[in-house]
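The residues making up each chain are set out below.
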Amino acid sequence: MELNDTQKKILEEVADLHKIPVGAFNIRSDGESVGRNSTANIEIVSKPDVSGIDIRIKPGTKNESVHIPVVISRAGLKENVYNDFYVGEGADVLIVAGCGIDNCGSADSEHDGIHRFFIEKNARVKYVEKHYGSGNGSGKRILNPVTEVYMDEGSYCEMEMIQIKGVDDTVRTTHAELKAGAKMVVHERLMTHDQQNAVSKYDVELNGEGSSADVVSRAVARDDSYQKFEAKIIGNAPCSGHSECDSIIMDNGRILAVPALEANDVDAALVHEAAIGKIAGEQLVKLMTLGLTEKEAEEAIISGFLK
Amino acid sequence: MLELKNIKYEVNEEGVDIGILNDVSLTIPNGKLTVITGPNGGGKSTLARIIAGVIRPTSGQILFNGEDITDMSITERARKGIGFAFQQPVRFKGLKVVDLIRIAKGEQKLSSADACKYLAAVGLCARDYINREVNSSLSGGELKRIEIATVLAKNSEMSVFDEPEAGIDLWSFQNLIEVFDGMRKNIEGSSIVIISHQERILKIADEIIMIKDGHIEEKGTSEEILPKLTGTESAVKSCGIVDLWKGGDK
């Protein structure tokens, strides 16, 4: 399988991949699978009815990874892709997804990925998803990911969701249901610039005793961009939930943060925090006394904040 | 060498100009540790901030090695060789201690081991701190030492420390004195300015400048000034301290 330069660049951005990955992978480019590998423990098969794949991870699989990057380099392409992950009992895996759109044309390109995770008892998943856009065409780069996570007893899921650059329009929807003792940790990092628009919604149901969720978002809105962050944690059992939205606004950027908590059990302990503000002047001054220009100081602060 | 010529700094409060610094002229020589002391509100920190360029004087001139830097930005002054440690260090969400030290040193690729040297110098167990975020999880004293470490890493021709002892506990204070003592021993070709009230910092000074009510009250070598300031009644008087034990609160 050969990759062209645009594909290589996008793969590097979204999956830190410089070449074909080791282990299980599926690389999707412009609407079709251009490379796939299953391993003894991880099987990847196409869905018969709709576009997308099933990823089946055998119980007990340890220290293996799955890469499923998506590259779109054709203007005007719009697709819905359904990927389902079945993570067997006691498995411990890394899943790297991510989508990059390079749009040099005038028609909009759109990838809507619907990812469902079925995480069995005591399994552990680390999921990394990066979204990236490039290209100087007037066509928009649109990504609307839907993530659903169903966690069985004692399972653990850590999600890193990153969208730093170049995506014009995005609506991210994440829904999770946790059974007893399950734990979910989400780190979202989102930067919008120019006229971009981003909405990120979380809806986490803590249904089992001892379940917990920690949803942390760090966001930067620059230029004329707009972001909306909605995080709802519902405690239906003795559980603990925490959501945090920390945002920096610059230029004419705007952010709406709507944290919500719903406790339906007297032993549900739920906390939310939200803060929005510009970069503190004294932070800039400190870095300037170390020799950075104001612009460099701003970049250092933002890249640290989004790291 | 830094020269301040006729520095005035005024702020306007409700239409009234209030003089914070009134016609301050002084020279800070190379190869010396100069301590600027004096009562609270006397203008010491304002002077330090004017040197670093954080605030601009209302009038007057600042020369650094003969070059007029009065209108230079903070960045330009930093690049010319002026370092500044804040009295109240700034917190950063996301930036790590090692990031700040790399920025200070101007080497993005500075190894963690090399960065650790500066933390060890301020008495922090480097391994525990190097990868910590410079955020509110750090105590005031830890933050203060990290602040000093960044100024050490910058290795400026002139380093200005604004009340380094503020917020540092008694146990760490001895360590801090050793840091400054160490800097003083390697001072050749550079200079250190410390804004301080602490007698033990005054004791390691070569030169002492006392600022009160926005002007220089006294200046001279440590031998000349220190006896006047410490352990004598004049110290109490000149610092405007009310001695409660002698019924001074009445």
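Bear in mind the structure is a predicted one, so any value in this text is a computation, not a measurement.

Caption draft 1: Just the sheet that holds strand β4 (residues 59–64) of chain B, in detail. Residue and element names in this part refer to chain B. Judged by pairing direction, the sheet is antiparallel, and its four strands sit side by side in the order β2-β1-β4-β5 without closing on themselves. The open sheet has two edge strands with one neighbour each: β2 (16–28) and β5 (67–68). When strand β1 (residues 2–13) meets β2, the two strands line up antiparallel, connected through nine bridges. In the sheet register, Ile7 faces β2, and the bridge partner there is Val24. Set on the sheet, helix α1 (residues 44–52) makes contact with β1, β2 and β4; between it and β2 the angle comes to about 65 degrees.

Caption draft 2: How the structure looks around the pattern of salt bridges. By the definition in use, this model includes 27 salt bridges over all chains. Where B:Glu133 meets A:Arg218, a salt bridge forms, and the shortest distance between an N and an O atom there is 3.8 Å. Linking B:Glu133 in the loop between α5 (126–129) and α6 (140–154) with A:Arg218 in strand β17 (residues 212–221), this pair reaches from one chain into another. Note on B:Glu133: relative accessible area 25%, which makes it partly exposed. Between B:Arg184 and B:Asp206 there is a salt bridge, with the nearest N and O atoms lying 2.8 Å from each other. Of the two residues, B:Arg184 sits in helix α7 (residues 170–185) while B:Asp206 sits in the loop between α8 (199–203) and β9 (207–212), which places them 22 residues apart along the sequence.

Caption draft 3: Here's a closer look at empty space enclosed by the protein. Under the counting rule described, the total for this entry stands at three cavities of 30 Å³ or more. Of the voids in this model, the largest cavity is the one considered here, and its volume is about 110 Å³. What lines the largest cavity is a set of 15 residues, among which A:Cys99, A:His111, A:Gly113, A:His115 and A:His131 lie closest to the centre. Mapped by element, the contributors of at least two residues to the lining of the largest cavity are β8 (92–102), β9 (109–119) and β10 (124–134) of chain A. Within the lining of the largest cavity, the residues separate by chemical class into seven nonpolar, seven polar and one charged. Considering only enclosed or pocket space, the second largest cavity measures out at about 40 Å³ in volume. For the second largest cavity, the full set of lining residues is A:Lys286, B:Pro89, B:Val90, B:Phe92, B:Leu100, B:Val134, B:Leu143, B:Ile146 and B:Glu147. In the lining of the second largest cavity, the residues fall into seven nonpolar, no polar and two charged.

Caption draft 4: Highlighting the interface of chain B and chain A. The interface is formed by 22 residues belonging to chain B together with 20 residues belonging to chain A. Carbon and sulfur atoms make up 64% of the surface buried where chain B meets chain A, a total of about 1,800 Å² over both sides. Area buried by chain B at its contact with chain A is led by B:Phe92, B:Lys93 and B:Ile103, which between them contribute 29% of it. Taken together, the links from chain B to chain A amount to five salt bridges. Within the residue set of the side of chain B that touches chain A, elements represented by two or more residues are α2 (74–80), β6 (82–85), α3 (97–105) and α6 of chain B.

Caption draft 5: View of the side chain of B:Ser222. Residue and element names in this part refer to chain B. Here Ser222 is to be found in helix α9 (residues 222–229). Separated by 3.4 Å, the side chain of Ser222 and the backbone oxygen of Ala205 make a polar contact. Ignoring any residue separated from it by four or fewer positions in sequence, one finds Ser222 in contact with Leu202, Lys203, Ala205, Asp206, Glu207, Ile208 and Pro227.

Caption draft 6: Main features of α7(B). All names here are of chain B. The end-to-end C-alpha distance of α7 is 23 Å, a good match for the 22 Å that 16 residues give at a rise of 1.5 Å each. Listed as buried for α7 are Ser172, Phe173, Leu176, Ile177, Val179, Phe180 and Met183. Axial view of α7: buried residues confined to an arc of 155 degrees, hence all on one face. For α7, the exposed residues lying more than 90 degrees away from the buried face are Trp171 and Lys185.

Caption draft 7: The arrangement of the sheet that holds strand β10 (residues 215–221) of chain B in detail. All names here are of chain B. Strand order in the open sheet made by the six strands is β6-β7-β8-β3-β9-β10, with mixed pairing throughout. Only two strands of the sheet have a single partner each, and these edge strands are β6 and β10. Between one strand axis and the next, the sheet turns through 15 degrees on average, direction left out of account. Bridging between strand β3 (residues 33–37) and β9 involves four bridges; their strand directions are parallel. The residue of β9 that forms the bridge with Thr34 is Glu207. With respect to the sheet, α1 is in contact with β3, β6, β7 (158–162), β8 (191–195) and β9, its orientation differing from that of β6 by roughly 140 degrees.

Caption draft 8: The arrangement of the packing of α3(B) against α6(B) in detail. Residue and element names in this part refer to chain B. For the pair α3 and α6, the least separation of the axes is 7 Å and the interaxial angle reads 30 degrees. Overall, the two elements α3 and α6 adopt an arrangement that is roughly parallel. As for the relative orientation of α3 and α6, their crossing is right-handed in sense. In contact with Val97, Leu100, Ile101, Ala104 and Lys105 of α3, α6 contributes Ile146, Thr150, Ala153 and Lys154. Grouping the amino acids of the contact of α3 with α6 by side-chain chemistry returns six nonpolar, one polar and two charged.

Caption draft 9: Main features of the environment of B:Arg132. Residue and element names in this part refer to chain B. Here Arg132 lies in the loop between α5 and α6. Residue classification places Arg132 among the partly exposed residues on the basis of a relative accessible area of 26%. Residues Arg132 and Ile20 lie 112 residues apart in sequence; the distance between their C-alpha atoms is 38 Å. Residues within four places of Arg132 in sequence aside, it is in contact with Leu95, Lys96, Val97, Ser137, Leu138 and Glu142.

About the thresholds
Residues numbered from 1 in each chain as written. Chains lettered and ligands numbered in written order. Predicted model: local features only at pLDDT ≥ 70, side-chain atom pairs only at ≥ 80, totals over all residues. Heavy atoms only, no water. Pairing = 2+ DSSP bridges. Helix = DSSP H or I, 4+ residues; strand = E, 2+ residues; numbered from the N terminus. Contact = heavy atoms within 4.5 Å. Axes fitted to C-alpha atoms, helices over the stretch in contact; angles between N-to-C directions. Salt bridge = Lys/Arg side-chain N within 4 Å of Asp/Glu carboxyl O. Buried < 20%, exposed > 50% of the residue type's maximum accessible area, 1.4 Å probe, protein only. 1 Å grid on protein atoms, 1.4 Å probe; cavity = no way out; pocket = protein on both sides within 12 Å on 5 of 7 lines; lining within 4 Å. Points joined across faces, edges and corners; volume = space filled by probe spheres on them. Nonpolar A, V, L, I, M, F, W, Y, C, P; charged D, E, K, R; others polar. Buried area = accessible area lost by both parts, 1.4 Å probe. Polar contact = N/O pair within 3.5 Å; in protein donor to acceptor, adjacent residues only side chain to side chain. Expected span 1.5 Å × (residues − 1). Arc of directions from axis to C-beta. Parallel < 35°, antiparallel > 145°, perpendicular 65-115°, else oblique. Left-handed = near helix turned anticlockwise from the far one by under 90°.

Read these as layout, nothing more, since geometry by itself doesn't imply function.
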